[in-house]
Amino acid sequence: MKGKNKAMAAGVSALLACSVVAGCGTSSSPSNTANATNTANAGAKGGSKPIDFSHAKGTIVWAAPPITHTGLRKTLIQKFEQEYPNIKVKLQNQDSNTDTDRASLTTAIGGGSNTPDVYLGDVVWPAQFAANQLAEPLSGLVPNSFWNRFADGLVQGATYKGKVYAAPFFVDTAFLYYRKDLLKKAGLPVPKTWADVQKDSEILQKKGLVKYGFVWQGASYEGLLCDFDEYLADAGGQVLGSDGKPALDSAAGKKALNFMRGLITSGVSPTSEVQFQENESLNVFTEGNAAFLRNWSYAWPSSQDPKASKVVGKVGVTALPSFSGGPGYSTIGGWDLYINPHTKNLPAALAFIDWMTGKEAQTILAKDFSEIPTNKQVQNDPTVKQKSPIFAIVPKVKYVSRPSQNPNYPAIAKAVYSNVNAALAGSVSTNQALSNASKQIESALGGNGGL
Ligand code: GLC
């Protein structure tokens, strides 16, 4: 993966590292976005003739989890409705846990419901949703030129067996947020290694400056896989090897998991860490109770929102550290816009997706909400880059993907995060957890994907 990521560097856009491609999980040639573009017209409901959505009207339901602590979804809906006065968008609130969100959508759409019309879905869903007819292939419904707006590699990430199943909406990158006021008080530089994070936390805690050192995502859910994957990649490991078999029961897996468990046993991370998703960890940090936080891009504006945060003006952000020093790995996260195959209003759904991935919406997303846009033009806009400190860090980040190109990914992911979580909680040894995860991945690879 690391070699592959390096090879991809050539195709990187100004803002995003091109290794994003790998994370979006296809086995085809990473720089070959054109392939996805060309196959985008290969079939689907609309045949080979794109649908004219310029006169679309009616009401559509958009299902989306709260993307940030602030009002991003409502802002976008309002602007869209101004632009398209004949279309109304009803927001269907989804759970902020990606697994719970996915389960409710697979149940509704799998059961034939025509609601929602459009949904925001994780970048790890295309294979599973495509293989189970839970997403309408956008290929054929939009003109080829539609796909040119996206940064390199992102369309490939939403492609399964030659058809594009979703339009990339934003890219998530993980960062290390830190309390610059506390580091200054203790005379400590910004940590560059994971050992620094551990040691600095202990110093700050001993001095009584802060309750906890480092908070992150340790609950038994997809988010824990993201965290684990970052340490694993940094230690030189992978969840699945190049032969497609489980590879995490390895020296690298042990290094990663032992470090994570050590954060809890040393008291640097709270014991309740094993129940933390993104919001819980963010809340501890914005309450002023942790020195360091691992979280996605949106945590920047949340930490600077006086209504939601007690640490406004006291926060710095940098790339996640590594074991040996220098910028470490971020799991590639992000969300795409999908269409329910049972929708009764395809033109309005397409108009919405077109606008949401266009210049205006993507600029709002980036400038006002610190999300990394998928629209190339917006990514490269210098006035966007100035708006949030995260944009300058992104090009330094190394990316690691999840093995989501397999339709059985939910079961593979569960095998990883449930066992890692058990080891973090101390109910099994780290060695046993990795061996259990490995066995469960083997059976998931032959199973039905945990639908
Ligand atoms: C973020 C990422 C998503 C990931 C999830 C895990 O929402 O964008 O890709 O699966 O976190 O909690």
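Parameters and conventions
Residues numbered from 1 in each chain as written. Predicted model: local features only at pLDDT ≥ 70, side-chain atom pairs only at ≥ 80, totals over all residues. Heavy atoms only, no water. Salt bridge = Lys/Arg side-chain N within 4 Å of Asp/Glu carboxyl O. Helix = DSSP H or I, 4+ residues; strand = E, 2+ residues; numbered from the N terminus. Buried < 20%, exposed > 50% of the residue type's maximum accessible area, 1.4 Å probe, protein only. Near = heavy atom within 4 Å. Polar contact = N/O pair within 3.5 Å; in protein donor to acceptor, adjacent residues only side chain to side chain. Areas by Shrake-Rupley, 256 points an atom, 1.4 Å probe, with all protein chains shown as cover. Expected span 1.5 Å × (residues − 1). Contact = heavy atoms within 4.5 Å. Core = buried A, V, L, I, M, F, W, Y, C linked by side-chain atoms within 4.5 Å. Phe/Tyr/Trp six-rings, centres within 6.5 Å; stacked < 30°, edge-to-face > 60°. Lys NZ or Arg CZ within 6 Å of the ring centre and 35° of its normal. pLDDT = per-residue confidence, 0-100. Pairing = 2+ DSSP bridges. Axes fitted to C-alpha atoms, helices over the stretch in contact; angles between N-to-C directions.

**Quick look at the pattern of salt bridges**
For the coordinates displayed, the defined rule picks out eight salt bridges. The salt bridge partner of Arg294 is Glu230, with a shortest N-O separation of 2.7 Å. With Arg294 in strand β9 (residues 290-296) and Glu230 in helix α10 (residues 222-234), the pair connects residues that are 64 residues apart, well separated along the chain. For Arg294, a relative accessible area of 2% translates into the label buried. The salt bridge involving Lys310 is made with Glu287; its shortest N-O contact spans 2.8 Å. With Lys310 in the loop between α13 (299-303) and β10 (315-319) and Glu287 in the loop between α12 (278-286) and β9, the pair connects residues that are 23 residues apart, well separated along the chain. Through salt bridges that share partners, Asp227, Glu230 and Arg294 make up one connected network.

**Quick word on the site of the ligand**
Taken together, 13 residues lie near the ligand, and Asp122, Asp172, Glu278, Gly334 and Arg402 sit nearest. Trp335 places a polar side-chain atom, nitrogen or oxygen, 2.9 Å from an oxygen atom of the ligand. Contact with the protein chains covers 94% of the free accessible surface of the ligand, which is 310 Å². Contributing elements (two or more residues each) for the shell around the ligand: α10 and β12 (333-339).

**Points about helix α20 (residues 430-445)**
Given a rise of 1.5 Å per residue, 16 residues ought to cover 22 Å, and the 22 Å separating the end C-alpha atoms of α20 matches this to within 8%. When α20 is considered as a whole, its buried residues turn out to be Thr430, Ala433, Leu434, Ser435, Ala437, Ser438, Ile441 and Ala444. Taken together, the buried residues of α20 touch α10, α11 (251-265) and α19 (409-425).

**Focus on the nonpolar core**
Core analysis: the biggest nonpolar cluster contains 140 residues, and Trp62, Tyr177, Phe214 and Phe228 have the highest contact counts within it. With ten residues, the top contributor of residues to this core is α19. Other than its neighbours up to four places away in sequence, Trp62 contacts Arg73, Ile77, Val89, Lys90, Leu91, Gln92, Val118, Tyr119, Leu120, Leu337, Phe352 and Met356.

**With respect to the environment of Ile353**
With respect to the helices and strands, the residue Ile353 is situated in helix α14 (residues 346-356). You can call Ile353 buried: its relative accessible area is 2%. Look past the residues within four positions of Ile353 in its chain and what remains in contact with it is Val118, Phe146, Ala167, Leu337, Tyr338 and Ile339.

**Remarks on the packing of aromatic side chains**
All chains considered together, the criterion is met by 21 aromatic pairs. Ring geometry for Phe80 versus Tyr84: centroids 4.9 Å apart, planes at 20°, classification stacked. Looking at Tyr84, the relative accessible area reads 17%, which means it is buried. Where Phe146 meets Trp147, the ring centres are 4.8 Å apart and the plane angle is 85°; that geometry is what we call edge-to-face. For the pair Phe146 and Trp147, one class covers both residues: buried. An aromatic cluster is defined as three or more aromatic residues linked by ring pairs; in this entry it consists of Trp62, Phe80, Tyr84, Phe352 and Trp355. Lying over the aromatic face of Phe323, Lys255 brings its terminal NZ or CZ to 4.7 Å of the ring centre. Positioned above the aromatic ring of Trp296 is the side chain of Arg294, whose terminal nitrogen or guanidinium carbon lies 4.3 Å from the ring centre.

**Points about the confidence of the model for the chain**
Per-residue pLDDT for the chain has a mean of 90; in total, 88% of the residues score no lower than 70. Between residues 1-46, whose pLDDT stays under 50, and residues either more than four places distant or in other chains, the model counts 108 contacts.

**Things to note about the side chain of Ser297**
Positionally, Ser297 belongs in the loop between β9 and α13. In this view, Ser297 contacts Val171, Asp172, Thr173, Phe175, Tyr177, Ser370, Glu371, Ile372 and Ile390; residues no more than four positions away in its chain are not counted.

**As for the sheet that holds strand β3 (residues 118-122)**
Where strands meet in a sheet, backbone hydrogen bonds hold them as pairs that are either parallel or antiparallel. Pairing in this open sheet of six strands is mixed, and the strands run β2-β1-β3-β12-β6-β13 from one edge to the other. Edge positions in the sheet fall to β2 (87-93) and β13 (372-373), since each of these pairs with one other strand and no more. Taken strand by strand, helix α5 (residues 98-110) contacts β1 (58-64), β3 and β12, and its axis lies near 140° from that of β3.

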